[in-house]
Amino acid sequence: MSAASEGPTPGFLVWRLSMKWRVAVDRAVAPLGLTHAQYSLLASLYGMQRSGRRPSQRGLADHTGLEALYVSKLARTLEAAGLVERLPDPSDTRAVQLSLTDQGRDVTRRAIDVVQQLLDRLLEPLGGLEGRRAEVFSRELAVLLDTPLDIPAKE
């Protein structure tokens, strides 16, 4: 029997899980006026600021895995909503640094609480957010995320 007929591939399962998660987060943060992508940017910025960093848009793009152009678009939208400030980077005139406004910190804290509850529900079958299986699952996902997918050039 071929592997193709034995069930879904790991790639398909990762894709389905990511789609399930994206939709669930979109629905969970919608009452706060956010999308999943906006939440990802805000929560990442919140964490980076708490550790003393003031990232550029490029730094935030690298951290989140989002395209720099998309981060720029999201940042402009969040700035218009009063959640983010975009300021010139004093060390690089081409770069823009991002920071949360007071309102942005408040909305982000509430969104993080909502998403943490959602994550605990998602991971309930693995023992919850603090469960041993969830810890192993997170490590395995990190290994996959750290694996480059670029096809090496032929010499």
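Residues numbered from 1 in each chain as written. Predicted model: local features only at pLDDT ≥ 70, side-chain atom pairs only at ≥ 80, totals over all residues. Heavy atoms only, no water.

What follows concerns the overall build of the protein. When helices and strands are counted, the protein shows 6 helices and 2 strands. Order of helices (α) and strands (β) in the protein, N terminus to C terminus: α-α-α-α-β-β-α-α. Structurally, the protein occupies a C-alpha span of about 60 × 50 × 25 Å along its principal axes. When burial is assessed residue by residue, the protein has 29% of its 155 residues classed as buried. Here the contacts in the protein between residues at least 6 apart in sequence split such that 46% fall between residues at least 24 apart. Of the charged side chains in the protein, 20 are positive and 19 negative, and the gap between their average positions amounts to 4 Å. (Helix = DSSP H or I, 4+ residues; strand = E, 2+ residues; numbered from the N terminus. Buried < 20%, exposed > 50% of the residue type's maximum accessible area, 1.4 Å probe, protein only. Contact = heavy atoms within 4.5 Å. Lys, Arg positive; Asp, Glu negative; His and termini not counted. Charge placed at Lys NZ, Arg CZ, Asp CG, Glu CD.)

A few words now on the layout of surface pockets. Of the pockets and cavities examined, the largest pocket occupies roughly 1400 Å³. Ser18, Trp21, His36, Leu141 and Leu145 are, among the 31 residues lining the largest pocket, the residues nearest its centre. Those elements that place two or more of their residues in the lining of the largest pocket are α1 (10-29), α2 (36-50), α3 (57-64), α5 (102-122) and α6 (132-146). In terms of residue class, the lining of the largest pocket is made up of 19 nonpolar, 11 polar and 1 charged. (1 Å grid on protein atoms, 1.4 Å probe; cavity = no way out; pocket = protein on both sides within 12 Å on 5 of 7 lines; lining within 4 Å. Points joined across faces, edges and corners; volume = space filled by probe spheres on them. Nonpolar A, V, L, I, M, F, W, Y, C, P; charged D, E, K, R; others polar.)

Examined bridge by bridge, strand β1 (residues 84-89) and strand β2 (residues 92-100) share 6 bridges and lie antiparallel to one another. Bridge pairing in β2 places valine 84 opposite leucine 100. Hairpin connection, β1 to β2: the antiparallel pair is bridged by 2 residues. (Pairing = 2+ DSSP bridges.)

Moving on, we get to the side chain of histidine 36. As for its position among the elements, histidine 36 is in helix α2. Sequence-distant contacts of histidine 36, that is, excluding residues within four places in its chain, are made with Trp21, Arg22, Val25, Asp26 and Val29.

Attention shifts here to the packing of α2 against helix α4 (residues 68-80). Across the interface, α2 lies against α4 with an axial gap of 10 Å and an inter-helix angle of 90°. Considering their axes alone, α2 and α4 lie roughly perpendicular with respect to each other. Packed against α2, whose contacting residues are Ala37, Gln38, Leu41 and Leu42, the element α4 presents Tyr70, Val71, Leu74, Thr77 and Leu78 at the interface. Grouping the constituent residues of the contact of α2 with α4 by class yields 7 nonpolar, 2 polar and no charged. (Axes fitted to C-alpha atoms, helices over the stretch in contact; angles between N-to-C directions. Parallel < 35°, antiparallel > 145°, perpendicular 65-115°, else oblique.)

Turning next to the packing of aromatic side chains. Following the criterion strictly, the structure yields 1 aromatic pair and no others. Aromatic side chains phenylalanine 12 and tryptophan 15 sit 6.0 Å apart centroid to centroid with 40° between the ring planes, which places their arrangement in the tilted category. Note that phenylalanine 12 and tryptophan 15 are positioned in helix α1 at a spacing of 3 residues, about one turn of the helix. Residue classification places phenylalanine 12 among the partly exposed residues on the basis of a relative accessible area of 40%. (Phe/Tyr/Trp six-rings, centres within 6.5 Å; stacked < 30°, edge-to-face > 60°.)

Looking at the element boundaries, serine 99 is found in strand β2. Residue serine 99 is classed as buried on the basis of its relative accessible area, which comes to 6%. At a separation of 3.3 Å, a polar atom in the side chain of serine 99 contacts the side chain of arginine 54. Residues in contact with serine 99, not counting those within four places in the same chain, are Leu45, Gln49, Arg54, Leu83, Val84, Glu85 and Leu87. (Polar contact = N/O pair within 3.5 Å; in protein donor to acceptor, adjacent residues only side chain to side chain.)

That is the geometry; function is a separate question.
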